[in-house]
Structure formats: structure tokens, C-alpha cells
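Examination of the molecular architecture
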Amino acid sequence: MLASGARELGIELDSARAETLLKLVDALEEGNAQFNLTAIRDRPGMLRKHVLDSMSLEPYLRGERIADVGTGAGFPGLVLAVVDPQRRFTLIEATGKKARFVEQTVQRIGCSNVLVVAM
């Protein structure tokens, strides 16, 4: 589902990026059980409504530095950072539990082009 959905969006995912995005969904499933991060609970729904929807923004990005203001559980910023590793992403979130989740997820998936800012 992930690879075919990305292809439909004109994005070719290599196996490493696809694996990273699946780890992101793993983290969201676990985080949802603890923190109620998103109303979407099923994995196919997360892939479609969080990951693929986030990817759909990639063609519209401009510049080398991108800000995701009000990132929530990290969408769309985390997905875009995985898909577009040459850019730098700053993910800004006011809710402490969500900002902590995003920071932990950034470390878990090894996304070195992301800075999380808790406001």
C-alpha cells in the first residue's frame, strides 16, 4: 500500500525510506495507546490518512528549510523529512506530550534533518 500509494503521487521510495516510514507508523500505534495522539487507530488508515496524505505535499515544498507549525504527532513534517532528506525540517508543537512524542520518534527513526521545538 505504501509503495504503490507513493508511486501514484510520483514519489519513488527506496526500501530504506519505506522501512523508516513503517517504523514511524509503529511509533504512532504505540504512542496512540499511551497519549491519544490521533483519532485514526487502524494501520491502513494511518498509512493512507497520515503518511500518504503528508507525502502529497512534497511537490509543493520550496527552499531548503521547512517549518511545520502545529505538527501534532509529527504530520506532515516527519513524513516529508523522511521522503526529502536533503531539506531541514523544524517541527513546532505547543502540546508537551505531542512534542515529546515527536522528539522520541525522530530519535527512534534516526531522522537527522529534523529539529523539534516545543512552545
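Reading the values: the criteria
Residues numbered from 1 in each chain as written. Predicted model: local features only at pLDDT ≥ 70, side-chain atom pairs only at ≥ 80, totals over all residues. Heavy atoms only, no water. Buried < 20%, exposed > 50% of the residue type's maximum accessible area, 1.4 Å probe, protein only. Helix = DSSP H or I, 4+ residues; strand = E, 2+ residues; numbered from the N terminus. Pairing = 2+ DSSP bridges. Right-handed = clockwise from strand over helix to strand, strands pointing away. Polar contact = N/O pair within 3.5 Å; in protein donor to acceptor, adjacent residues only side chain to side chain. Contact = heavy atoms within 4.5 Å.

**Concerning the pairing of strand E2 (residues 88-93)**
- Side-chain alternation along E2 places Phe89, Leu91 and Glu93 on a buried face and Arg88, Thr90 and Ile92 on a face that remains uncovered.
- The sheet contact formed by strand E1 (residues 65-69) and E2 spans five bridges and is parallel. Note on E2: the bridge partner recorded for Ala67 is Thr90.
- Direction of pairing for E2 relative to strand E3 (residues 114-118): parallel, over a ladder of five bridges. Bridging across to E3, Glu93 finds its partner in Ala118.
- With helix H5 (residues 96-109) bridging E2 and the parallel E3, this β-α-β connection has right-handed handedness.

**Re the side chain of His50**
- One can find His50 in helix H3 (residues 43-55).
- His50 gets classed as buried once you look at its relative accessible area, which sits at 13%.
- Engagement of the side chain of His50 in a polar contact is seen with the side chain of Thr38, the distance being 3.0 Å.
- The contact partners of His50, leaving out residues within four places of it in the chain, are Leu28, Thr38, Ile40, Gly45, Phe75 and Val79.

Read these as spatial facts, not as claims about activity.
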